[in-house]
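# Geometric and topological summary
Residues per chain are reported as follows:
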Amino acid sequence: MKFAGKVWRLLVGIKDGLVLLLMLIFFGGLYAALSMSPYQDSAREGALRLDLAGAIVEQPAEQDFSSLIGGSALREYRLAEVIHALDTAAANDRIQAVALDLDVLTGGGQAAMANVGEALDRVRRAGKRVVAFSSGYGDDSYLLAAHADEVWLDPMGAVVIAGPGGSNLYYAGLMERLGITANVYRVGTYKSAVEPYTRSDMSPEAREAMQALVDASWEAWQDNVRQARPRAQVAAYVQDPMRFMRGANGDMARAALQAGLVDRVGDRIQFGQRMAELSGGARDERIPGSYRAVHFDAWLNDNPLRGSAGRIGVLTVAGTIVDGHAAMGTAGAETIVENLERGLRDHQLKALVVRIDSPGGSATASERIRRAIVSVRERGIPVIVSFGSVAASGGYWVATAGDTIFAEPSTITGSIGVFGVLPSFEGTLERIGVGADGVGSTPLSGQPDLARGISPEADQLLQLGVESTYRRFVALVSRARNLPPARVNQIGQGRVWDGGTARQIRLVDRFGSLDDALAEAARRAGLEGSQAQPVFLEGEPSFFAQLMRGATADSAPAARGAFAALSRSPDALLERALGDVEAMLRGPAIQARCLECPMPAPAPRAPAAARGWLARLLAFIPGA
C-alpha cells in the first residue's frame, strides 16, 4: 500500500507539473501575442495598401476561435472604416498612392461598393494614383476597380461579370417527401418569402417583382461603371464575350485588355514594382515586388474612426433583426436599444443617424427598436435614417421612426409585408410509426401542436395576428411618409423596390450616403467642427475579438482566381437554404423579413444543428 501511495503521489506530481507547464506556455504565448504589434511590417509612409480579403459590411461580426483554427483568414471590413481610411489618406502627405488588392474580395452589396468607389474618386481628385490588382474580377470587385486610375489583371486571370440574378431553392417537394407541413400565414401579393416552403418554382407575381429589381440593379451597376471608366466596353463584353475571346486567341486576360476593362496584364511582382514607383521605392530590395506599403489596419490605428467629441450618434441596425440580445453583425433588439440608451447617457448627443443594412426579421424586435428611436425624436433630437445596400421589411419598419430617409439608387428596400411559417410534423411522425395524441381544456391547449398539426382555431388566430401586424405596418408607413393607407397598401403587399423607384413612390426622401446623412444631421442640429463628428453607438469589441483582429490583420489568403466565386455559388445557395429552414424552425411566428433580398455579404455557414437535424430526418425516410 505504501508503494501504491508513492506511485499515486508521483502521478499527481507529474499531472500538476504538466498543468503548470501548459499554463506557462499559454500565458507566455498570450503575452507574446499582446506584445507583438500586428503592424510591424507597415511602412510609415508610402502607398496605402487596401487588401480587402473578405466582405465589406456595415458592422463586422466578431470572429470566433473556430475561424482562427480553421485556417480562414477572411474577415469583414466595416464600410465606414474603409471610406474613412481613404478620405484621410487623400488628405495626408504620408500617402502617395493607394494599392487596391481585390484578389479575395467576397462582396459587400452594390450600394456599399458604390460608396467605396466614390471615396476612391476623392483620392484621385486629390492627385494620388489608385491602382487595382486582382487575379480575377467579379461584379463587386470590378465595380471598385473601375474607379482606379490603373486596373491590373494577372496573366492567368479574367474578368467575369455575371450581373445580378440567379436561382433560389424551392423545397416544397422535399417537405412533402419528408411529411412536413408548412403552415403559412401571409399578407401581401408579393410576399414571396414563404414561397420556398409552399412551391416548387417562382410565382408570376414574385417573378415580376424580382425581374424589375434585378433590371434596376443591373442598370445602376452599368451606369456606375460607365461613369467611372467610359472606355470599358462592358455592354459588348457581357453580351458577347466570345467575340473578344476569339480576338485574343482564347486568352481571357488579353480579351479583357482589348475590351478596355483593364489597363495592364501583369503578375503580382510587376504590380508591386509599379507600386514601388508610386510609393517612393521598394520596402525590401531583396524581395521582388515589395513596395513601401502602409497597411490598412496600421493606418486606422493612427487615424481612428471612433471619437468622443462628436455629438452625432450613429446607431447601426445590421443583419437579421432578432428579439433579445445578439452579437455584432446581427440586429438584436435589446442590444441596439441598450446601445442607444448608453449613448444618450454617456454623450451629449444633439442628433441621431440610424444606419440600416438589414432585410428585417422579427416584427416585435423591429417595433422595439422603432419605439426606442421615436423616444429620442420626441426629445427634440433630429433623427436621420441612412440606408445601406438592403433596408427592407423589418428594416423599413425601423426607418419609419426617422425625420428623413437617405438611400442609394441601388438600395434594396420596401417589402412592406408580414408573414409567418410554422412547420408541423404529423406526416413525418406517421411515416416513422410514431403517434401523437392528448387532451386539452380549451381549443388552444397545446397549440400550436407541431406533432398532431395546428388546430383550426390556432390557425385562424395566427392568420389574424399576421393581418393585424400588417395593418399596423401600413399605418406606420402612412404616418411616416404622409401617404394615404390605400396608397401604402398598393405599393406594399410585400413588394421589394430598388432605391431609385422607392424615391419616386416616396418611400425615401433623398439619394445619399452615410456621410450625406451625417451632414444633414449636423445641419439640423446646428453642429460644426469636431461636434459634427459621428459617435458610433455600439459596444466595444471584446478582448478576444481584438486579439483575433490582431491575429488576422493584413493576412494574405491565397488568390482564388476568376471563377472561384462562381464555383462557390452552389455551396452558398445550399447553405442559405438550410439556414432558411433553420429560421423557419426557430424564428418568430410573425416576421417582417425579406428572405428574397440579396445578402450584402456571403451567407454564413448554416449552423451545425440545422444540418444535423435534417440529416437525421432524411435517414428515417426510405430512399431519401
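Residues numbered from 1 in each chain as written. Predicted model: local features only at pLDDT ≥ 70, side-chain atom pairs only at ≥ 80, totals over all residues. Heavy atoms only, no water.

## Quick notes on the overall build of the protein chain
Scanning the protein chain from N- to C-terminus turns up 24 helices and 22 strands. Going through the 624 residues of the protein chain one by one, you find that 51% of them count as buried. Pairs at least 24 residues apart make up 76% of the contacts formed inside the protein chain by residues separated by at least 6 positions. Looking at the protein chain as shown, the accessible area adds up to about 28,300 Å², and 54% of this sits on carbon and sulfur atoms. (Helix = DSSP H or I, 4+ residues; strand = E, 2+ residues; numbered from the N terminus. Buried < 20%, exposed > 50% of the residue type's maximum accessible area, 1.4 Å probe, protein only. Contact = heavy atoms within 4.5 Å. Areas by Shrake-Rupley, 256 points an atom, 1.4 Å probe, with all protein chains shown as cover.)

## What about helix H8 (residues 204–228)?
The terminal C-alpha atoms of H8 lie 36 Å apart, and with 25 residues this matches the ideal 36 Å at 1.5 Å per residue to within 8%. Three or more residues of H8 are buried, namely Ala206, Ala209, Met210, Leu213, Ser217, Trp218, Trp221, Gln222, Asn224, Val225 and Ala228. Buried-residue contacts for H8 involve helix H4 (110–125), helix H5 (139–145), helix H7 (195–198), helix H9 (234–239), strand E17 (412–414) and strand E19 (496–498). (Expected span 1.5 Å × (residues − 1).)

## Focus: the environment of Gly117
The topology assignment puts Gly117 in helix H4. Separated by 26 residues in sequence, Gly117 and Leu143 have C-alpha atoms that sit 7.4 Å apart. If near-sequence neighbours (up to four positions away) are discounted, Gly117 is found in contact with Leu144 and His147.

## A short note on the sheet that holds strand E1 (residues 46–51)
Reading across from one edge, E8-E6-E5-E4-E1-E9 is the order of the six strands in this open sheet, with parallel pairing throughout. The open sheet has two free edges, formed respectively by strand E8 (264–265) and strand E9 (293–295), since each of these has just one partner strand. Pairing of E1 with strand E4 (residues 95–101) involves six bridges; the strand directions are parallel. Pairing of Arg49 across the sheet is with Ala99, part of E4. (Pairing = 2+ DSSP bridges.)

## Some thoughts on the confidence of the model for the protein chain
Scored by pLDDT, the protein chain has a mean of 84; 79% of the residues are at 70 or more. Every residue in residues 601–624 scores below 50 in pLDDT, and together they form 36 contacts with partners more than four places removed in sequence or on other chains. (pLDDT = per-residue confidence, 0-100.)

## Quick notes on unusual backbone geometry
Put simply, Gln447 and Pro448 share a cis peptide bond, and its omega is -5°. Along the chain, the position of Pro448 falls in the loop between helix H17 (426–431) and helix H18 (456–481). Even without being a glycine, Gln493 presents a positive backbone phi close to 60°. Assignment of secondary structure puts Gln493 in the loop between helix H19 (485–491) and E19. The phi dihedral of Arg506 is positive, around 70°, even though this residue is not glycine. Looking at where Arg506 falls in the secondary structure, it is placed in the loop between helix H20 (499–504) and strand E20 (510–511).

## What to know about the pattern of salt bridges
Scanning all chains against the criterion turns up 31 salt bridges. A salt bridge links Glu538 to Arg78; the nearest nitrogen and oxygen atoms lie 2.4 Å apart. On the criterion of sequence distance, the pair formed by Glu538 in the loop between strand E21 (534–536) and helix H22 (543–552) and Arg78 in strand E3 (residues 75–78) is long-range, its members being 460 residues apart. In this structure Arg78 comes out as buried when scored by relative accessible area, which is 6%. Shared partners join several salt bridges into a network, and the residues in it are Arg124, Arg129, Asp149, Glu150, Arg274 and Glu277. (Salt bridge = Lys/Arg side-chain N within 4 Å of Asp/Glu carboxyl O.)

## Focus on helix H12 (residues 268–279)
Compared with an ideal rise of 1.5 Å per residue, which puts 12 residues at 16 Å, H12 spans 16 Å between its outermost C-alpha atoms and is within 8% of the ideal. Among all positions in H12, only Phe271, Gly272, Arg274, Met275, Ala276, Leu278 and Ser279 are buried. Lining the buried residues of H12 we find E1, E4, strand E5 (129–137) and strand E6 (150–159). The N-terminus of H12 is capped by Asp267, whose side-chain oxygen sits 3.1 Å from the backbone nitrogen of Ile269. One or two positions beyond H12, positive phi appears at Gly280, with a value near 100°. (Polar contact = N/O pair within 3.5 Å; in protein donor to acceptor, adjacent residues only side chain to side chain.)

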